[in-house]
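Per-entry structural report
What follows is each chain in one-letter form.
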Amino acid sequence: MAPSEGSEVRVDVEGRTLTLSNLDKVLYPQTGTTKGEVINYYAQVSPVLLPHLRDRAVTRVRWPHGTAGSSFFEKNAPNGTPSWVRTAHVPTTGSRGESRHSGARADHLDFPVCDDLATLTWLANLAALELHVHQWTVGRNGRPRNPDRLVIDLDPGDGAGLHECAQVALLVRERLEVRDLEAFAVTSGSKGLHLYAALPGRLNPEGTTGLAKEVAEELQKEHPSQVTATMTKSKRSGKVFLDWSQNAGSKTTLSPYSLRGKEKPYVAAPLTWDEVEDGADDPVALEQLRFEQVLERVAEHGDLLSGLG
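All values derive from a computational prediction rather than experimental measurement.

A count of helical and extended segments in the protein chain gives six helices and 18 strands. For the protein chain, the C-alpha radius of gyration of 19 Å lies close to 19 Å, the compact-globule estimate for 309 residues. Counting only C-alpha atoms, the protein chain reaches 55 × 40 × 35 Å along its principal axes. Summarising the internal contacts of the protein chain: among those between residues at least 6 apart in sequence, 67% fall at separations of at least 24.

Spelled out as structure tokens, the structure:
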């Protein structure tokens, strides 16, 4: 018999004992997707998700009452965090909307680091649907390293969509190839696409931000009817905004394979370049993908981002 809402179940996850609660609580009302199904998705996708979370401080967006209710960002490890959860004591300038652990210093944040299935399950049980990470990793001492990847968020303005994002993604890929960087495409789980490229680790966040901005401004100059590098929303209509700012040291991006807190359980899903090219040609060829589709794709293709490192 399935546990009723409000019940608790104790489970063993790789040698860690966790208490899972409210497994029948509906977190996505439009599809009836429950917290138990969310936890199950994260368990099944963990072999390809965890490599993209490993050694990265995780900012969570939690929907304790489901996506029809309110959500909140959480950076610090919350009260009650199990002692076995790895954390990183990271210097910060602070930001709005963060939930602070009672013992955290004002100039540092104590982020959880999700390196294993037990930690991932614990986060999912907290209704942390979205897992956002920086483009840098931390060492065992918690000190941030230089970024090991670059990200450009393709955000369509009014009148544009995935079709236009796919067209612009091909332009970005060319610009990155000129710089000897291989691009990887991921749906955002919302409206657009994320493009990643592995970096050799020689650039600091200011350097990677400058590189992404340089690409964005080049394409804005060459394709002004399609691309904007300007954050002003009023200038995005019919265009794709190339958000280069997410490479800043304090910024995060939704992790590949993370769920999104939308009306349906969409996922940041890796794509092949053949799929992007099809989307650039056909206005209806691309769509945001749900977690069931992503699990099918992983079973067929494995991790399409394995070359990202």
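This paragraph deals with the packing of aromatic side chains. In total, this model carries two aromatic pairs according to the counting rule given. Arranged with centres 5.6 Å apart and planes meeting at 65°, the rings of Tyr41 and Phe291 form a pair that is edge-to-face. In this pair, Tyr41 is assigned in helix H1 (residues 35-53) and Phe291 in helix H6 (residues 291-301), connecting sequence segments 250 residues apart. Under the relative-accessibility criterion, Tyr41 is labelled buried at 1%. We note Arg173 situated over the ring of Trp273; from NZ or CZ to the ring centre the distance is 4.4 Å.

Take the sheet that holds strand S15 (residues 253-254) next. The sheet built from four strands is open, its strands ordered S6-S5-S9-S15 with antiparallel pairing. What marks the edges here is a single partner per strand, and that holds for strand S6 (72-74) and S15. Pairing analysis gives three bridges linking strand S5 (residues 58-62) to S6, with the strands arranged antiparallel. In the sheet register, Val61 faces S6, and the bridge partner there is Phe73.

One pass over the full model with this rule turns up 15 salt bridges. The partner of Glu218 in a salt bridge is Arg175, and the shortest N-O contact between them spans 3.3 Å. A residue pair is termed long-range when its members are at least 10 positions apart, and Glu218 in helix H4 (residues 205-222) and Arg175 in helix H3 (residues 162-178) qualify at 43 residues. With relative accessibility at 23%, the residue Glu218 sits in the partly exposed group. In this structure, Glu222 engages Arg175 in a salt bridge whose closest nitrogen and oxygen atoms are separated by 2.5 Å. In this pair, Glu222 sits in helix H4 while Arg175 sits in helix H3, placing the two residues 47 residues apart along the sequence.

Attention shifts here to the side chain of Arg62. In this fold, Arg62 is placed in strand S5. You can call Arg62 buried: its relative accessible area is 14%. If sequence neighbours within four positions are ignored, Arg62 has contacts with Ser70, Ser71, Phe72, Glu74, Pro78, Leu126, Ala127 and Ala128.

Looking now at the sheet that holds strand S11 (residues 183-187). Spatially, six strands are ordered S13-S14-S10-S12-S11-S17 in an open sheet, and the strand pairing comes out mixed. The open sheet has two edge strands with one neighbour each: strand S13 (227-228) and strand S17 (270-271). Strands strand S10 (149-156), S11, strand S12 (193-198), S13 and strand S14 (240-243) of the sheet are contacted by H3, whose axis makes an angle of about 15° with S12. Along the sheet, helix H5 (residues 273-281) makes contact with S11, S12 and S17, crossing S11 at roughly 65°.

Most of strand S9 (residues 128-133) is tucked away: six of the six residues are buried. Sheet topology places S5 next to S9; five bridges connect them, and they run antiparallel. The residue of S9 that forms the bridge with Val58 is Val133. Note that S9 and S15 share two bridges and pair antiparallel. Looking across to S15, one finds that Val133 is bridged to Thr253.

Calculation criteria
Residues numbered from 1 in each chain as written. Predicted model: local features only at pLDDT ≥ 70, side-chain atom pairs only at ≥ 80, totals over all residues. Heavy atoms only, no water. Helix = DSSP H or I, 4+ residues; strand = E, 2+ residues; numbered from the N terminus. Rg over C-alpha atoms; globule rule 2.2 N^0.38 Å. Contact = heavy atoms within 4.5 Å. Phe/Tyr/Trp six-rings, centres within 6.5 Å; stacked < 30°, edge-to-face > 60°. Buried < 20%, exposed > 50% of the residue type's maximum accessible area, 1.4 Å probe, protein only. Lys NZ or Arg CZ within 6 Å of the ring centre and 35° of its normal. Pairing = 2+ DSSP bridges. Salt bridge = Lys/Arg side-chain N within 4 Å of Asp/Glu carboxyl O. Axes fitted to C-alpha atoms, helices over the stretch in contact; angles between N-to-C directions.

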